[in-house]
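Report on the structure
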Amino acid sequence: MFRFDIYMEQWAEKYKPIQHSEGRRRFFRVNDEMAIDEMLQNYISVDPPGDPCCGIVTHLEGTIDITKRFDYPYVKLLFMKWGVDMADYRIQADAKADCFLHAKKFLLYLEQDVKKAKTRRDPKNPDPLAYVDLTNVRYETLGPMASDGWFMVLVTIQVSEFDKICFSESDYLE
């Protein structure tokens, strides 16, 4: 299984507006969407306020076609901004637009890697990025979150992954 969390964290380290590092934590992993609010209250304090952050939901969801050995997981990505004036709805709308811009920048970066992966297809060792589908990416805005001026865009990508796993009698007791 391709580790989108590792891929996104590496992007967050390179992307100038985020520049995630150990001393400047701007990337996170969260188990599911239900835990986002709690994580925002307890985990991240962005300084200065207004700096963008990003993260990924590590909960697995998708469909599988076991007859063809293909898994179709959904990858959920978060792009966030904190420190928004809760009394000004225009500033809130600007924060959502800013989050959406960072989401699009990530998708453009990913698209370049997907194109590269498709040009170097190796049937014996397929690159998982070659199976990322960026034609119908879902997104939605969320916020305010954590009663503290957090706004975000949740992006959902569907991926196709081939798994070479086969049935083996040796996996079972007689």
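Presented here is an overview of the structure given in this document. (Residues numbered from 1 in each chain as written. Predicted model: local features only at pLDDT ≥ 70, side-chain atom pairs only at ≥ 80, totals over all residues. Heavy atoms only, no water.)

Our focus in this paragraph is the pattern of salt bridges. Under the counting rule described, the total for this entry stands at 11 salt bridges. Across the pair D5 and R3 runs a salt bridge whose closest N-O atoms are separated by 2.7 Å. By relative accessible area, D5 is classed as buried at 7%. Classification of R3 by relative accessible area gives partly exposed; the value is 46%. Linked through salt bridges whose partners overlap, the residues forming this network are R3, D5, E9 and R29. (Salt bridge = Lys/Arg side-chain N within 4 Å of Asp/Glu carboxyl O. Buried < 20%, exposed > 50% of the residue type's maximum accessible area, 1.4 Å probe, protein only.)

A word on the packing of helix α1 (residues 4–14) against helix α3 (residues 89–119). Between α1 and α3, the shortest axis-to-axis distance is 11 Å and the interhelical angle comes to 115 degrees. Compared by their axis directions, α1 and α3 come out roughly perpendicular. Where α1 crosses over α3, the two elements pack in a sense that is right-handed. Only H102, K105, F106, Y109, L110 and D113 of α3 make contact with α1, whose side of the interface consists of F4, Y7, M8, W11 and K14. Here the residues of the contact of α1 with α3 are counted per class, giving seven nonpolar, one polar and three charged. (Axes fitted to C-alpha atoms, helices over the stretch in contact; angles between N-to-C directions. Helix = DSSP H or I, 4+ residues; strand = E, 2+ residues; numbered from the N terminus. Parallel < 35°, antiparallel > 145°, perpendicular 65-115°, else oblique. Left-handed = near helix turned anticlockwise from the far one by under 90°. Contact = heavy atoms within 4.5 Å. Nonpolar A, V, L, I, M, F, W, Y, C, P; charged D, E, K, R; others polar.)

Per the counting criterion, the structure on display carries zero disulfides. In this structure C53 is not part of a disulfide, and its nearest cysteine sulfur, from C54, lies 7.6 Å away. (Disulfide = S-S within 2.5 Å.)

As a volume, the largest pocket reaches approximately 270 Å³. Partitioned by chemical class, the residues of the lining of the largest pocket number nine nonpolar, one polar and six charged. Of the pockets and cavities examined, the second largest pocket occupies roughly 220 Å³. In terms of lining residues, the second largest pocket is bounded by 16 residues, among which M1, F2, F4, T58 and L60 are the most central. Elements represented by at least two residues in the lining of the second largest pocket include exactly α1, β2 (52–57) and β4 (70–81). Top contributing element to the lining of the second largest pocket by residue count: β4, with three residues. Grouping the constituent residues of the lining of the second largest pocket by class yields 10 nonpolar, two polar and four charged. (1 Å grid on protein atoms, 1.4 Å probe; cavity = no way out; pocket = protein on both sides within 12 Å on 5 of 7 lines; lining within 4 Å. Points joined across faces, edges and corners; volume = space filled by probe spheres on them.)

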